[in-house]
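What the coordinates show
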Amino acid sequence: MKELLSGNAAIARGAYENGITLAAGYPGTPSTEILENLSRYEGVYSEWAPNEKVALEVGIGAAMAGARALVTMKHVGVNVAADPLFTAAYTGVNGGLILVSADDPGMHSSQNEQDNRYYARFAKVALLEPSDSQEAKDMVGLALTISERYDIPVMLRTTTRVAHSQSMVELGEPAVREIKPYGKDVKKNLMVPAFGRLRRVSLAARLARLAEYSENTPLNFIVPGNGKAGVITSGISYQLVREVLPDAAVLKLGMTNPLPVELIKKFAAQVETLFVVEELEPYLEEQIRMLGIKAAGKEFFPDTGEYSQGLLRRCFVKAGVLPVPLQTEDLTAGLPQAPPRPPVLCAGCPHRGVFYTLQRLKLTVTGDIGCYTLGGLPPLEGIDSCVCMGASIGMAHGMDKAVPGLKGRTVAVIGDSTFLHSGITGLLNAVYNNSDSTVIILDNRTTAMTGHQDHPATGRTLMGQAAPEVDITMLCRSLGVKRVEVVDPLDISRLREVIKTETAAPGPSVVIARRPCVLLKREVRPAVTVDQEKCTGCKMCLKLSCPAISVIDSKASVNADACVGCNLCVQVCKTGAMQGGQADA
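Below is a summary of the structure that appears in this document. (Residues numbered from 1 in each chain as written. Predicted model: local features only at pLDDT ≥ 70, side-chain atom pairs only at ≥ 80, totals over all residues. Heavy atoms only, no water.)

Overview of the layout of surface pockets
One way to see where empty space is left: roll a probe the size of a water molecule over the atoms. When its volume is computed, the largest pocket comes out at roughly 960 Å³. In this structure, the largest pocket is lined by 49 residues; those nearest its centre are Ile 369, Gly 370, Cys 371, Thr 373 and Met 449. When residues of the lining of the largest pocket are traced back to their parent elements, those giving at least two are helix H4 (75-91) and helix H16 (416-432). Looking at the lining of the largest pocket residue by residue, the classes come out as 25 nonpolar, 21 polar and three charged. Counted as a void, the second largest pocket has a volume near 410 Å³. Lining the second largest pocket are 17 residues, with Pro 342, Val 344, Ser 545, Cys 546 and Pro 547 positioned closest to its centre. Its residues placed into classes, the lining of the second largest pocket shows 14 nonpolar, one polar and two charged. (1 Å grid on protein atoms, 1.4 Å probe; cavity = no way out; pocket = protein on both sides within 12 Å on 5 of 7 lines; lining within 4 Å. Points joined across faces, edges and corners; volume = space filled by probe spheres on them. Helix = DSSP H or I, 4+ residues; strand = E, 2+ residues; numbered from the N terminus. Nonpolar A, V, L, I, M, F, W, Y, C, P; charged D, E, K, R; others polar.)

Here you go:
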């Protein structure tokens, strides 16, 4: 039976069919839907971990005990999980262990577009790259076989296009879940220096055997062509190359660490001109050139952004492989163009009042990863920086210590899920080192940006079971924060008063701006109306960046279908033109 599946759903199906017992991860686009799909299959234990490092450690433990395990995260999550990853290559596995790294060329929802193929090579683990949903499913089974046969973790590297595109997938029956016997083996699993040196030698031998496998695996294959232009490629780039150059010979690499050196040499000898087509970094190109093979790559194909058919056509025209297309009349010339629609916080978002207030107070604000990062864009402009998960607290502390003149003018903002992911240690450091910084935790009771996943403070697990709820207020106090205030972010006057008080007070302090995400818990309230007689067209309401508010004929207007009645605009309106009921506490 066949079914239309996304790459993420296909990986989940592959895990179900191939005996995965445990799956763990942290939500992050474009990887999130893997565990969301997998958690619906019976017989597979799935969980959201507080962060990617913990998720991988859970997977390593399961694999060491003899179970097959799958760990998922987006590309930047591998940075967090790198510590256990590098040593897991030394210890190896018992049951198979797969790490899914979902990379994001083009930065559709990420702060960078790092190429995690280098992580696989750096950590000395096997690397597989699917190019469609069928391969995504099939490679789960192959990765588990490789992992167990060669005693090594396997990275399954996808990209946004593979993760979210749909194609037909042949479904199979689930295998019986078997647990391999566990035997205590300290020389294999206890990585003190003496044993680590032995496992480093073992790792080199395992990689050598894996390189032999790479030469003959069906994951790497040649598509015959006309013998002129030849292309070496992998992942989604393979699909694009086949569309743009249907007659070219192609070496499709599904296993890209270790590379099949002899197969690459054989293919290169068969074509007149060799191209390497790969998104992002010249990972394949550099290694191929080190073999002494002449190959064209990044001089024609960009090392940034996501590839498309149109982009590759232009690149191959530039390379002289395709003819220059005939000039055609631009049918859109002279027509009005749709205005750009940048992302914006939802109508009624509880974060909006915080960033409006921070901007009005003219504070320096170190930001973090989440949908609230949009609060840094005009007209809110309430965030100055965004680096990585959890960085806001450490950065605010660093500013406070390095530039004493900023005292009382710097705050950190961080979401509840991000705080539990990697903000706790930053706050602990601020307390330990007597920081004067103020931390605002935007507690909307969910991991909102990636689609409302649960976390340790929501009271529910990925599999829908009731769980203990972390009390963030008590957690902050237990870390040594003496000043902790909880406020409703839709009460601007109270919010402003608390922020001014806490930024002026000595020592570290925490403000918890608590209200559920409007998409998670939408309260029915009357929409705001505008008294056109009182409205002066001052546009103060537009500074809230609310998608329900616009200006028509120089007067404010509220779209009743979009408005959720949060009444922030009522509070900022100086003339009383905005009218609505009071927001609930």
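Describing the packing of H4 against helix H9 (residues 193-216)
It is at 7 Å that the axes of H4 and H9 come closest, and there the two elements cross at 80 degrees. By the angle class used here, H4 and H9 are roughly perpendicular. Residue-level inspection shows Ala 89, Tyr 90 and Thr 91 of H4 in contact with H9, the latter providing Gly 196, Arg 199, Arg 200, Leu 203 and Arg 206. When the residues that make up the contact of H4 with H9 are grouped by side-chain class, the tally is three nonpolar, two polar and three charged. (Axes fitted to C-alpha atoms, helices over the stretch in contact; angles between N-to-C directions. Parallel < 35°, antiparallel > 145°, perpendicular 65-115°, else oblique. Contact = heavy atoms within 4.5 Å.)

Overview of a nonpolar patch on the surface
A cluster of nonpolar side chains, contributed by Val 186, Leu 190 and Val 192, occupies part of the molecular surface with about 210 Å² of accessible area. One can find Val 186 in helix H8 (residues 186-189). For Val 186, a relative accessible area of 36% puts it in the partly exposed group. (Patch = residues over 30% accessible without salt bridge, like charges linked within 9 Å, V, L, I, M, F, W, Y side chains within 5 Å. Areas by Shrake-Rupley, 256 points an atom, 1.4 Å probe, with all protein chains shown as cover. Salt bridge = Lys/Arg side-chain N within 4 Å of Asp/Glu carboxyl O. Buried < 20%, exposed > 50% of the residue type's maximum accessible area, 1.4 Å probe, protein only.)

A look at the side chain of Asn 94
Inspection of the secondary structure puts Asn 94 in the loop between H4 and strand S5 (97-103). A distance of 3.3 Å separates the side chain of Asn 94 from the backbone oxygen of Met 64, its partner in a polar contact. A polar side-chain atom of Asn 94 sits 3.1 Å from the main-chain carbonyl oxygen of Pro 181. Sequence-distant contacts of Asn 94, that is, excluding residues within four places in its chain, are made with Ala 63, Met 64, Ala 65, Gly 66, Glu 148, Lys 180, Pro 181 and Tyr 182. (Polar contact = N/O pair within 3.5 Å; in protein donor to acceptor, adjacent residues only side chain to side chain.)

Some words on the pairing of strand S11 (residues 249-253)
The element S11 is extensively covered by neighbouring structure, given that five of its five residues are classed as buried. Every second residue of S11 is oriented toward a common face, with Ala 249, Leu 251 and Leu 253 on one face and Val 250 and Lys 252 on the other, all of them buried. With four bridges joining them, strand S9 (residues 220-223) and S11 adopt antiparallel strand pairing. Among the inter-strand pairings, Ile 222 is bridged to a residue of S11, identified as Leu 251. Bridge count for strand S10 (residues 229-234) against S11 is five bridges, and the pairing is parallel. Considered in S11, the bridge of Thr 233 is made with Lys 252. (Pairing = 2+ DSSP bridges.)

Focus on the sheet that holds strand S13 (residues 273-277)
Whenever strands of a sheet pair, they do so through backbone hydrogen bonds, lying parallel or antiparallel. The strand order across the open sheet built from four strands is S9-S11-S10-S13, with neighbouring strands paired in mixed fashion. Across the chains shown, the open sheet's two edge strands, defined by having one partner strand only, are S9 and S13. When the angles between neighbouring strand axes are averaged without regard to direction, this sheet yields 15 degrees. Sheet analysis places S10 next to S13, joined by five bridges and oriented parallel. Paired with Ala 229 across the bridge in S13 is Thr 273.

Observations regarding the packing of helix H10 (residues 236-244) against helix H13 (residues 309-318)
One can describe the packing of H10 onto H13 by two numbers: an axis separation of 9 Å at closest approach and a directional angle of 60 degrees. The orientation of H10 with respect to H13, classified from their angle, is oblique. Crossing angle aside, the handedness with which H10 passes H13 is right-handed. Contacts between H10 and H13 pair Leu 240, Val 241, Glu 243 and Val 244 from the former with Gln 309, Leu 312, Arg 313 and Phe 316 from the latter. Considered class by class, the residues forming the contact of H10 with H13 number five nonpolar, one polar and two charged. (Left-handed = near helix turned anticlockwise from the far one by under 90°.)

Focus: the pattern of salt bridges
A side chain of one charge can pair with a side chain of the opposite charge if their charged atoms are brought near each other. The full count for this structure, using the stated rule, is 25 salt bridges. Among the ionic pairs, Lys 53 bridges to Glu 57, the shortest N-O distance being 2.5 Å. Of the two residues, Lys 53 and Glu 57 are both situated in helix H3 (residues 52-65); the distance of four residues between them amounts to about one turn of the helix. On the accessibility criterion, Lys 53 (30% relative accessible area) is partly exposed. Classification of Glu 57 by relative accessible area gives partly exposed; the value is 34%. The salt bridge partner of Lys 180 is Glu 148, with a shortest N-O separation of 3.8 Å. Remark: Glu 148 occurs in helix H6 (residues 133-150) and Lys 180 occurs in the loop between strand S8 (166-170) and H8; sequence separation between them is 32 residues. Residue class for Lys 180 comes out partly exposed when judged on its relative accessible area of 33%. Overlapping salt bridges bring together Asp 103, Asp 115, Arg 117, Glu 129, Arg 157 and Glu 278 as one network.

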